[in-house]
Amino acid sequence: MSINHLSDALALIAARVQPVAEIERVRLTDAIGRALAADIPAALTLPPFDNTGVDGWAFRHGDVGPDAKLQIVGESAAGIPFTGTLPAGRTTRISTGAVIPNGADTVVMQEDCTRDGDILVLNTVPKHGANIRKSGEDIRAGDLALGAGRRLAPQDLALLLSLGESHAPVRRKLRVGIISTGTELRTLDDGKGPPQEGQIFDSNRPMLAALLQRWPVEATTLPILTDDRAATERALLDASKTFDLLLTTGGVSVGDHDHVRPSVETLGEILFWRIAIRPGRPVLLGRIGNAHILGLPGNPVSVAVIFALLGRAVLSALAGFDAPRFVRIPVQLANAHTKPARLNEFVRARIEDGRATLYRAQGSNLLTSLAWSDGLCDLPAGRDSFAPGDVVDFLPFGGIFD
Ligand SMILES: Nc1nc2c(c(=O)[nH]1)N[C@H]1C(S)=C(S)[C@@H](COP(=O)(O)OP(=O)(O)OC[C@H]3O[C@@H](n4cnc5c(N)ncnc54)[C@H](O)[C@@H]3O)O[C@H]1N2
Ligand code: MOO
């Protein structure tokens with residue numbers, strides 16, 4: 001089945017790709033980047049007690065008379081609260097994070113006071129309740145702290161640790177196999193000497209392996225496949241028994257030497273093949289046994305772009321993450337551009353002086369276009385020409401390669 005819109009492919013992925021079932025409880029430090037497998041309600045209230053956000057003096061606002069003087073009686077330090085109740089007309093020293101003494105309702109900053117022995121003079125009287133951080137203003141016990149499907153980030157670790165959690169339930173890591181196909185492909189260490197006429201270095205497997213480093217994935221780089229139907233079927237069938245996901249590159253177009261698509265058709269099921277976007281139009285999503293297979297086109301720029309647009313969605317669905325977000329920033333184009341109206345094109349661009357400058361050429365074989373650019377401009381279908389000043393969505397690589 002071929003698909004027109006990226007949104008249709010994303011909807012199909014969300015509907016058809018289920019998360020891996022196994023859940024494990026791991027230490028929070030090991031949970032970063034993994035999918036939270038259950039809702040986590042807050043076991044504690046944060047802040048757990050009323051405290052102050054400044055170094056200064058705690059007092060009862062109603063006690064401040066016209067002379068703005070208070071008598072100093074003690075201290076509430078962070079971790080060592082003032083004991084008892086603050087008597088009328090008195091004040092305690094207080095440090096940032098310390099408990100508000102019983103009876104006090106306001107804190108004045110140190111810089112706004114003058115001390116004379118045990119007498120404090122308030123040069124500025126703050127508003128009632130000033131500088132107090134109320135218990136529960138962050139989160140209350142029982143409220144949802146983080147929801148299932150969250151891709152755990154360092155800030156989540158801070159939140160969960162503050163709530164007294166040491167471990168979190170997460171889905172297991174995905175097993176992903178990476179395969180490049182193409183008789184022309186060579187590697188630096190294959191022992192066959194310098195590339196011969198017609199041969200090129202394989203850049204897709206290393207790029208995919210690098211992109212996967214940010215995912216909860218055990219990635220395995222599998223051998224390069226030559227353009228041979230029987231060998232392709234054997235390798236895909238074999239790999240489908242081990243991996244949750246196979247990322248292949250090449251062999252999904254219509255040439256006589258493109259064997260990935262017919263092999264998947266024979267061995268399993270094709271969920272979709274071809275989508276009206278450029279680069280990456282011949283992309284295929286399929287299934288062989290329990291393994292999904294994302295068949296990326298061979299051109300390296302198509303690999304990067306389709307990984308960003310669809311690969312992240314497949315990985316998210318399998319890993320148990322909420323669907324990935326696309327950070328979209330409206331920008332003006334600096335150049336004119338034309339394209340076929342039927343295709344949604346993602347062009348490589350760099351942000352210069354607040355406008356998107358398109359790379360000098362947009363061929364899907366041009367790795368320099370990726371290296372030069374900051375992200376992609378999303379040029380929607382239904383239009384064939386764009387002029388300088390036209391506003392389009394810009395997708396920064398930082399938001400689509402992680
Ligand atoms: N008659 C048609 N021809 C093509 C069409 C089409 O619709 N009709 N689509 C074109 C588009 S768009 C793309 S994209 C490519 C995709 O083809 P394949 O996925 O079958 O990829 P290959 O032909 O195997 O390779 C394409 C290109 O990329 C180079 N390549 C492949 N693997 C690697 C690698 N691991 N590292 C670096 N470079 C790689 C390969 O040498 C080719 O130059 O089909 C168009 N043709
Ligand atoms: O994906 Mo192809 O690279 O659209 O030209």
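Residues numbered from 1 in each chain as written. Chains lettered and ligands numbered in written order. Predicted model: local features only at pLDDT ≥ 70, side-chain atom pairs only at ≥ 80, totals over all residues. Heavy atoms only, no water.

- Per an unreviewed UniProt entry, the protein goes by Molybdopterin molybdenumtransferase and derives from Roseiterribacter gracilis.
- Regarding the protein, the relevant UniProt record gives this comment under Function (unreviewed entry): "Catalyzes the insertion of molybdate into adenylated molybdopterin with the concomitant release of AMP."
- The heading Catalytic activity (unreviewed entry) in the UniProt record of the protein holds the text "adenylyl-molybdopterin + molybdate = Mo-molybdopterin + AMP + H(+)". (UniProt positions renumbered as here; feature names shortened; annotations may be inferred.)

Regarding the overall build of the protein
Okay, so step 1: Along the backbone of the protein there are nine helices and 28 strands.
Okay, so step 2: Against the 2.2 N^0.38 benchmark of 21 Å for 402 residues, the protein shows a C-alpha radius of gyration of 30 Å, more extended than a compact globule.
Okay, so step 3: Of all 402 residues assigned to the protein, the portion counted as buried reaches 47%.
Okay, so step 4: Here the analysis covers contacts within the protein between residues at least 6 apart in sequence; of these, 69% occur between residues at least 24 apart. (Helix = DSSP H or I, 4+ residues; strand = E, 2+ residues; numbered from the N terminus. Rg over C-alpha atoms; globule rule 2.2 N^0.38 Å. Buried < 20%, exposed > 50% of the residue type's maximum accessible area, 1.4 Å probe, protein only. Contact = heavy atoms within 4.5 Å.)

Looking at the site of ligand 1
Okay, so step 1: Taken together, 23 residues lie around ligand 1, and Glu184, Asp202, Ser203, Asn204 and Asp258 are the ones closest in.
Okay, so step 2: Within the backbone of Ser253, one N or O atom sits 3.1 Å away from an oxygen atom of ligand 1.
Okay, so step 3: Between an oxygen atom of ligand 1 and a side-chain N or O atom of Arg281, the distance comes to 3.1 Å.
Okay, so step 4: Here ligand 1 has 870 Å² of accessible area as a free molecule, and 67% of this is covered by the chains.
Okay, so step 5: Of all the secondary-structure elements, those providing two or more residues to the shell around ligand 1 are strand S15 (200-201) and helix H7 (300-319).
Okay, so step 6: In terms of residue class, the shell around ligand 1 is made up of eight nonpolar, 11 polar and four charged. (Near = heavy atom within 4 Å. Polar contact = N/O pair within 3.5 Å; in protein donor to acceptor, adjacent residues only side chain to side chain. Areas by Shrake-Rupley, 256 points an atom, 1.4 Å probe, with all protein chains shown as cover. Nonpolar A, V, L, I, M, F, W, Y, C, P; charged D, E, K, R; others polar.)

Quick notes on the pairing of strand S8 (residues 113-116)
Okay, so step 1: Pairing between S8 and strand S9 (residues 119-122): four bridges, direction antiparallel. Bridge assignment links Thr114 to a residue of S9, and that residue is Val121.
Okay, so step 2: Hairpin connection from S8 to S9: two residues lie between these consecutive antiparallel strands, with Gly117 at a positive phi of about 65 degrees. (Pairing = 2+ DSSP bridges.)

Re the environment of Leu366
Okay, so step 1: Inspection of the secondary structure assignment puts Leu366 in the loop between strand S25 (355-358) and helix H8 (367-372).
Okay, so step 2: Among the residues examined, Leu366 registers a relative accessible area of 24% and is labelled partly exposed.
Okay, so step 3: Once the C-alpha coordinates of Leu366 and Val301 are considered, the two residues, 65 residues apart in sequence, prove to be 6.7 Å apart.
Okay, so step 4: With residues near it in sequence (within four places) discarded, Leu366 still touches Val301 and Ala361.

What to know about the environment of Ile400
Okay, so step 1: Relative to the helices and strands, Ile400 resides in helix H9 (residues 397-400).
Okay, so step 2: Take Ile400: its relative accessible area is 0%, and that puts it in the buried class.
Okay, so step 3: Sequence spacing of Ile400 and Leu309 is 91 residues, and the spatial spacing of their C-alpha atoms is 7.4 Å.
Okay, so step 4: For Ile400, the residues in contact, after removing those within four places along its chain, are Ala308, Arg312, Phe326, Leu376 and Leu395.

Topic: the site of ligand 2
Okay, so step 1: Taken together, Arg278, Pro279, Gly280, Arg281, Pro282, Asn299, Ser302 and Ser364 make up the full set of residues near ligand 2.
Okay, so step 2: A distance of 3.5 Å separates an oxygen atom of ligand 2 from a polar backbone atom of Arg281.
Okay, so step 3: Per-class residue counts for the shell around ligand 2 are two nonpolar, four polar and two charged.

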